Amino acid sequence: MNKANLLYAQSGGVTAVINATAASVIEAARARADAVGRVLAARHGILGALDEDLIDTAPLSAADLRRLAGTPGGAFGSCRFDLDAPEANRDQYDRLFAVFAAHDIGYFLYNGGNGSMDTVAKVSRAAAERGYPLVCVGVPKTVDNDLEGTDCSPGFGSAAKYAATSMLEAGLDLAAMTSRVGRAFVLEVMGRNAGWLAAATALAARNDDEPPHVILMPEVPFDEEAFLAAVCSTVSRLGYCAITVSEGIRRADGSLLMEQDEDAKGHVQLGGAGQCIARLIHARLGYKHHWAIPDYLQRAAGHLVSATDHAQARAVGQAAVEYALAGRDGVMAAIRRLADAPYRWDVAPVAVAAVANLERQVPAAFIRADGLHVTDAARAYLRPLIEGEMPACFAGGLPDYPRFALPGVPRRLAPYRP
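Fair warning: this is a prediction, and the values are worked out from it, not measured in the lab.

1. Some points on the UniProt feature "binding site: Mg(2+)" (unreviewed entry) in the protein chain
Under the feature "binding site: Mg(2+)" (unreviewed entry), the UniProt entry names Asn114. Apart from the residues within four sequence positions on either side, Asn114 is in contact with Asp146, Leu147, Val355, Ala356, Asn357, Leu358 and Glu359.

The following block contains the structure:
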């Protein structure tokens, strides 16, 4: 009897450790050659599956996989594309399952965030309705750390480490430079509806006088007067103030402080909240001001990966394969915290239908009473996630990240015409 093939795909914004998950999936599947045939990857996520644009991972040697695991970005390409509901677009699912059937796909592993878990749930439901033998497993990933059902999300720990390091180093610069009128620095980090990355910059400070002095998160409506008073107080005491801003901070009426254009699907592109805050400080208080937006840098910093994050990224990949081979359809490989000190964790399955499209925000217990910083409980939660280092290999003074030219699987179907 033919063994079913496994299809892996990456979705959403990539991270510094998503390829560690990919390498772990491939290794775990190869170790079960008794149950898995070929290990394929879809180029650019679910779009590649629909387009029958598949990659054969067989040419990747064990050494290649070790190097892949230390490479940021998404080696197989990602996408931001949501499948329609099965009942709303039968043709879309006809095509998807035609591709699965043409390539003997019996296991589908989707590596992404809360929207990707919704894709897993939809494909699982459609397979059951069609009687197609497919096991669908979600593999968590997001730098935003807003995925429900898991204690943390692979990708977040490394992005948090980068953001906290950036604040630490910028703080040393600020403290070194004096100004007669005072100085303010604003770091804008990712976080549309959840302030986890902003909160993580608190790890840069050893006491209340060290940056960041103020943290603005989407969970707390922006109070301009309270904020300016905190900045003024800090500058009066220290001569400068460092602020972390989540890109998605909102006013009391729920409107975004700053937004860019909308994409074709009406999704608002964020960016500019840090600049807005910096200019507000200058306009109202007259301080010299600077701002920075790490943007892609915070999720692509392969030279500053958290060892904890890397280990968790690999663990969810291996567990996802184990769940698939055990027939555990419609689950996600979730990280479960067992203890804070010493930090202990494991991986357990949760139903994707219970977490799909949900966003986990920073809880009230992690936010200081005035809404302008975090609590010790937040630091206790965050600290273990950035622990440990994974030194990158360098060549010519730069990280030596490989580029893999992977062969495509020959197409067996007519081109997709949505």
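Don't stop here, the text continues.
2. Quick look at the sheet that holds strand β7 (residues 214-216)
The four strands are arranged β7-β8-β6-β9 in an open sheet whose pairing can be described as parallel. Among the strands making up the open sheet, the edge pair consists of β7 and β9 (288-292). With strand direction ignored, the average angle separating the axes of adjacent strands in the sheet is 15°. Summarising the sheet, strand β6 (residues 183-189) and β9 pair through five bridges and their orientation is parallel.

3. Here we look at the sheet that holds strand β3 (residues 54-56)
In a beta sheet, neighbouring strands are held together by backbone hydrogen bonds and run either parallel or antiparallel to one another. Pairing is mixed across the open sheet formed by seven strands, whose spatial order is β3-β2-β1-β4-β5-β10-β11. If you trace the sheet from one side to the other, it starts and ends with β3 and β11 (344-351), each paired once. On average, each strand axis in the sheet is tilted by 30° relative to the strand beside it, whichever way the strands run. Pairing geometry for strand β1 (residues 4-10) and strand β2 (residues 36-42), over four bridges, is parallel. Each bridged residue has a counterpart across the sheet, and for Tyr8 the counterpart in β2 is Ala41. Each of β2, β4 (105-112), β5 (135-140), β10 (331-339) and β11 is contacted by helix α10 (residues 307-325), which is oriented at about 40° to β11, the strand it contacts most.

4. What about the UniProt feature "binding site: diphosphate" (unreviewed entry) in the protein chain?
Annotation from UniProt places "binding site: diphosphate" (unreviewed entry) at Gly13. Along the chain, Gly13 falls in the loop between β1 and α1 (18-30). Judged by relative accessible area, which is 14%, Gly13 ranks as buried. Excluding residues that lie within four positions of it along the chain, Gly13 makes contacts with Arg80, Lys141 and Arg299.

5. A short note on helix α5 (residues 114-130)
Owing to its 3.6 residues per turn, the α-helix aligns residues three or four sequence positions apart on the same side. With 17 residues, α5 should reach 24 Å at 1.5 Å per residue; the first-to-last C-alpha distance of 25 Å fits that figure. For α5, the tally of buried residues reaches 13 of 17 residues, placing the bulk of the element in the interior. Following α5 by one or two positions, Gly131 adopts a phi angle in the positive range, close to 75°.

6. A closer look at the packing of helix α8 (residues 224-238) against helix α9 (residues 273-285)
At a minimum axis separation of 11 Å, α8 and α9 run at an interaxial angle of 75°. Put simply, α8 runs roughly perpendicular to α9. Listed contacts from α9 to Glu224, Glu225, Phe227, Leu228, Val231 and Cys232 of α8 are Ile277, Leu280, Ile281, Arg284 and Leu285. Taken together, the residues of the contact of α8 with α9 break down into eight nonpolar, no polar and three charged.

7. What to know about the pattern of salt bridges
Considering all chains together, one arrives at 19 salt bridges under this definition. Between Arg379 and Asp376 there is a salt bridge; the shortest N-O distance is 3.1 Å. One end of the pair is Arg379 and the other is Asp376, both in helix α11 (residues 376-382) and three residues apart, which spans about a single turn. Residue Arg379 is classed as partly exposed on the basis of its relative accessible area, which comes to 22%. By sharing partners, the salt bridges in this structure join Glu87, Arg125 and Glu129 into a single network.

The rules behind the values
- Residues numbered from 1 in each chain as written.
- Predicted model: local features only at pLDDT ≥ 70, side-chain atom pairs only at ≥ 80, totals over all residues.
- Heavy atoms only, no water.
- UniProt positions renumbered as here; feature names shortened; annotations may be inferred.
- Contact = heavy atoms within 4.5 Å.
- Pairing = 2+ DSSP bridges.
- Helix = DSSP H or I, 4+ residues; strand = E, 2+ residues; numbered from the N terminus.
- Axes fitted to C-alpha atoms, helices over the stretch in contact; angles between N-to-C directions.
- Buried < 20%, exposed > 50% of the residue type's maximum accessible area, 1.4 Å probe, protein only.
- Expected span 1.5 Å × (residues − 1).
- Parallel < 35°, antiparallel > 145°, perpendicular 65-115°, else oblique.
- Nonpolar A, V, L, I, M, F, W, Y, C, P; charged D, E, K, R; others polar.
- Salt bridge = Lys/Arg side-chain N within 4 Å of Asp/Glu carboxyl O.

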